[in-house]
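# Overview (structure and organization)
These are the residues of each chain, in order.
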Amino acid sequence: MSTRAVLSCSTVLLFVLRLLVGLPWYQVLPAILIFYLGSGGWSFLQIFAKTIGRDFAAGVLLQVKMNVRRHLKNKNTVPKIFAETVARYGDKTALIFEGTGEKWTFRQLDEYSNRVANLLLERGFKDGDVVALFMENRSQYVGLWLGMAKIGVEAALINFNLRLEALVHCVTISNAKAVVFGSELNEAVSEVHSLMGREVQMFCSGDWDPKRVPRGTECLEPLLDNAPSHLPSRPQRCFTDRLFYIYTSGTTGMPKAAIVVHSRYYRMAALVYYGFRMTPDDVLYDCLPLYHSAGNIVGVGQCILHGMTVVIRKKFSASRFWDDCAKYNCTIVQYIGEICRYLLNQPVRDIEQQHRVRMALGNGLRQSIWVEFMERFNIPQIAEFYGATECNCSLGNFDNKIGACGFNSQILPFIYPIRLVRVDEETMELIRGPDGVCIPCKPGEPGQLVGRIIQNDPLRRFDGYVNQSATSKKIANSVFKKGDSAYLSGDVLIMDECGHMYFKDRTGDTFRWKGENVSTTEVEGTLSRLLDMKDVVVYGVEVPGAEGKAGMAAIADPTQSTDLAKFVKDMEKALPPYARPVFLRFLPEVNKTGTFKFQKMDLRRDSFDPSAVSDRLYFLDSRRGSYVQLDEELYRSILSGKHKL
């Protein structure tokens, strides 16, 4: 019997024995206690004892909900909240740009953003217009989108790694009327300028060379120097209006523009601030791209909303990471994706222990290196969280539970309407019961994370993407109950009996082989550890005549130093037979997105065909118990079924 059913039955029994039968309390209470414990209630009491401290500590998140309601009632926006921050911390350092060492106070950031707003007003931009921002990390990046927001202009934050078709696509789908780009991206912009349309205005920030920019481009700095620094008149905007657009990484196709409203920006930044007990005195090291929500909301948001000093780095550098932290007295560092593994792969140095960092904040830290990361770099707390830019089911690991990306209370599960529901792990199709409603997962059972959509609640709403069809694909009906709607995360997680959540895989990454589901995330982590933290990408490939998909691993090995014999022996100890990759591909480097996610689409398409792949390919010969080089003859033998897998 479920916990909820036990409680319900106990309540009914109390009503019957006390009110209908008329038994005295000294007889009713022992009877109910016996019934409760005999129906599985004892396990609930054990879980209660284990988790009450964690759940009570997370009660500070109620403060976020109260703040959201207040901002909603007062029709506040991010710029209005920032004005309160400036009033409180005006002369305190807001941003430090590591590239130049330049420091901006909150008042300087406010004045810069005012100049941006007034310049755009002079040029005819109005509430609801969109301006694309295409530049590398620096303090000006923050001032530009903040200045746009002050007059209701929405920024499209474009990945500075994009080129050609993908770049044009991002500018076009946002309906941007102008592009502000960094001079370091002159060449990329010049390549596509003619495809953007003549109506798009161009502004260049940084080192000015009129010969290297598209015709008609204006230099931004002198225009801003001449613009007024007073606060412009504010548009009639509210907390649920659009702030800017952040693009998905495009690992499986063209990037999608996710809509970020003011309340979402606040919610994402505030949940980690209050949940992980940060303070305005903290100094946060932000080496993540500012076109991404982790860098610009979770990171810079602590400056904009809470008065924290944020150190911005142009790009992540594993070799300079701890030097920067020590130099700027950072107390919180951000990570994402594979950053922690890259740091562990660096030679041991004294500086990595000579810092004031008390917390590492981010998502994507593999459980296989969790403890090693904490111990080597002397970091007391891993503040792992889960939450895509657009999702309404964010999680936080507030009690430093090793490997967990968050939790859902088992004492009061209805307080936060999220759930793991059963899916076909290969197709991610929802599995429904006889009533048509999704089936919730039991502890230890993998399922897709979903969040109930309540559109009039800023904490539960789903704003989706600019493309309506892309939005529709992320919504399912009759998930928690008949007729409701919920956001589909596309991610498979597992929950333990105490409600701790553990990330398992992303949509389409799980594949089935030899009757077992293979988690690419888990196998990648294991193989990378066996190969001294090399980049490893795992995916499934189809083999004619074989059921399911065979595992294949692409391994970055520029020096060709992998000892295959040792690798096989180590792998046999660490992985079950079905999870061991059948095929290996060794290549100089693995393609990654700007946020350190592996790009698998091209690798899956190439498969294990030697004629299509110039890299070294190997096949796991089960009869020999070793990897052998895959050539055309062996390839044809596998395809014909002569060589059994």
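Per an unreviewed UniProt entry, the protein goes by Arachidonate--CoA ligase and derives from Cyclopterus lumpus. A UniProt comment under Subcellular location (unreviewed entry) is attached to the protein, and it reads "Endomembrane system". Checking UniProt for the protein, the heading Sequence similarities (unreviewed entry) contains the comment "Belongs to the ATP-dependent AMP-binding enzyme family."

## Observations regarding the overall build of the protein
Of regular secondary structure, the protein possesses 20 helices and 28 strands. Its C-alpha atoms put the protein at 80 × 80 × 50 Å along the principal axes. Put simply, the protein has 645 residues, and 57% of those count as buried. Taking as baseline every contact in the protein between residues at least 6 positions apart, the subset at least 24 positions apart corresponds to 68%. Carbon and sulfur atoms form 52% of the exposed surface of the protein, whose accessible area is close to 28000 Å². The protein carries 78 positive and 70 negative side-chain charges, and their two centres are separated by 5 Å.

## Some remarks on the packing of helix H17 (residues 520-530) against helix H18 (residues 564-574)
Two numbers describe how H17 lies on H18: the axes approach to 10 Å, and their chain directions differ by 140 degrees. Put simply, H17 runs oblique to H18. As H17 runs across H18, the sense of the crossing is right-handed. For the pair formed by H17 and H18, the contact residues are Thr526, Leu527 and Leu530 on the first element and Phe567, Asp570, Met571 and Ala574 on the second. By residue class, the composition of the contact of H17 with H18 is 5 nonpolar, 1 polar and 1 charged.

## Some remarks on the pairing of strand S24 (residues 536-541)
Within S24, 6 of the 6 residues are buried, leaving the element largely enclosed by the surrounding structure. Here S24 shows no split at all, with Val536, Val538 and Gly540 on one side and Val537, Tyr539 and Val541 on the other all buried.

## Quick look at the packing of aromatic side chains
The tally for this structure, following the rule as stated, stands at 23 aromatic pairs. With 5.0 Å between their ring centres and 45 degrees between their planes, Trp104 and Tyr112 make a pair best called tilted. We classify Trp104 as buried; its relative accessible area is 7%. You can call Tyr112 buried: its relative accessible area is 14%. Their ring planes at 85 degrees and their centres at 5.1 Å tell us that Trp145 and Phe244 sit as a pair that is edge-to-face. Placement of Trp145 in helix H6 (residues 139-150) and of Phe244 in strand S8 (residues 242-247) is noted, with a sequence separation of 99 residues between them.

## A short note on the sheet that holds strand S11 (residues 309-312)
Read from one edge to the other, the open sheet built from 8 strands follows the order S2-S1-S11-S10-S12-S13-S14-S15, with strand pairing classed as mixed. One side of each edge strand has no neighbouring strand; the edge strands of this open sheet are strand S2 (103-105) and strand S15 (395-396). On the sheet, helix H5 (residues 106-122) packs against strand S1 (93-97) and S2 and is oriented at approximately 85 degrees with respect to S2. Those strands touched by helix H15 (residues 370-377) are strand S13 (359-363) and strand S14 (381-386), and its axis lies near 140 degrees from that of S14.

## Points about the side chain of Arg461
Tracing the backbone shows Arg461 in the loop between strand S18 (447-452) and helix H16 (468-472). In this structure Arg461 comes out as buried when scored by relative accessible area, which is 14%. Leaving out residues up to four positions away in the same chain, Arg461 has contacts with Thr240, Ser263, Arg264, Asn392, Ile454 and Gln455.

## Looking at the sheet that holds strand S25 (residues 550-556)
Strand order in the open sheet formed by 5 strands is S24-S25-S26-S27-S28, and the pairing between neighbours is mixed. Strand pairing shows two members of the sheet lacking a second neighbour, S24 and strand S28 (626-629), which therefore form its edges. Going from strand to strand, the sheet's axes swing by 25 degrees on average, the running direction of each strand aside. Pairing analysis gives 4 bridges linking strand S26 (residues 583-587) to strand S27 (residues 616-621), with the strands arranged antiparallel. Bridge pairing in S27 links Leu584 to Tyr618. Across the sheet, H18 lies against S26, S27 and S28, angled at about 140 degrees from S28, the strand it touches most.

## Quick notes on unusual backbone geometry
Positive phi, close to 60 degrees, is recorded for Asn175, a residue that is not glycine. As for its position among the elements, Asn175 is in the loop between helix H7 (164-173) and strand S5 (178-182). A positive phi angle, close to 55 degrees, is found at Asp532, a residue other than glycine. Along the chain, Asp532 turns up in the loop between H17 and S24.

## Description of the pattern of salt bridges
As enumerated under the stated definition, the model contains 31 salt bridges in all. Notably, a salt bridge pairs Lys126 with Asp129, separated by 3.7 Å at the nearest N-O pair. Overall, the relative accessible area of 6% leaves Asp129 in the buried class. Asp621 is the salt-bridge partner of Arg623, the closest N and O atoms lying 3.8 Å from each other. Among the ionic contacts, a cluster of salt bridges with common partners joins Glu98, Arg313 and Asp324.

## Structural notes on the environment of Val518
By the element assignment, Val518 lies in strand S23 (residues 516-518). Looking at Val518, the relative accessible area reads 1%, which means it is buried. What Val518 contacts, discounting residues up to four positions off in sequence, is Asp505, Asp509, Thr510, Phe511, Trp513, Val523, Tyr578 and Ala579.

About the cut-offs
Residues numbered from 1 in each chain as written. Predicted model: local features only at pLDDT ≥ 70, side-chain atom pairs only at ≥ 80, totals over all residues. Heavy atoms only, no water. UniProt positions renumbered as here; feature names shortened; annotations may be inferred. Helix = DSSP H or I, 4+ residues; strand = E, 2+ residues; numbered from the N terminus. Buried < 20%, exposed > 50% of the residue type's maximum accessible area, 1.4 Å probe, protein only. Contact = heavy atoms within 4.5 Å. Areas by Shrake-Rupley, 256 points an atom, 1.4 Å probe, with all protein chains shown as cover. Lys, Arg positive; Asp, Glu negative; His and termini not counted. Charge placed at Lys NZ, Arg CZ, Asp CG, Glu CD. Axes fitted to C-alpha atoms, helices over the stretch in contact; angles between N-to-C directions. Parallel < 35°, antiparallel > 145°, perpendicular 65-115°, else oblique. Left-handed = near helix turned anticlockwise from the far one by under 90°. Nonpolar A, V, L, I, M, F, W, Y, C, P; charged D, E, K, R; others polar. Phe/Tyr/Trp six-rings, centres within 6.5 Å; stacked < 30°, edge-to-face > 60°. Pairing = 2+ DSSP bridges. Salt bridge = Lys/Arg side-chain N within 4 Å of Asp/Glu carboxyl O.

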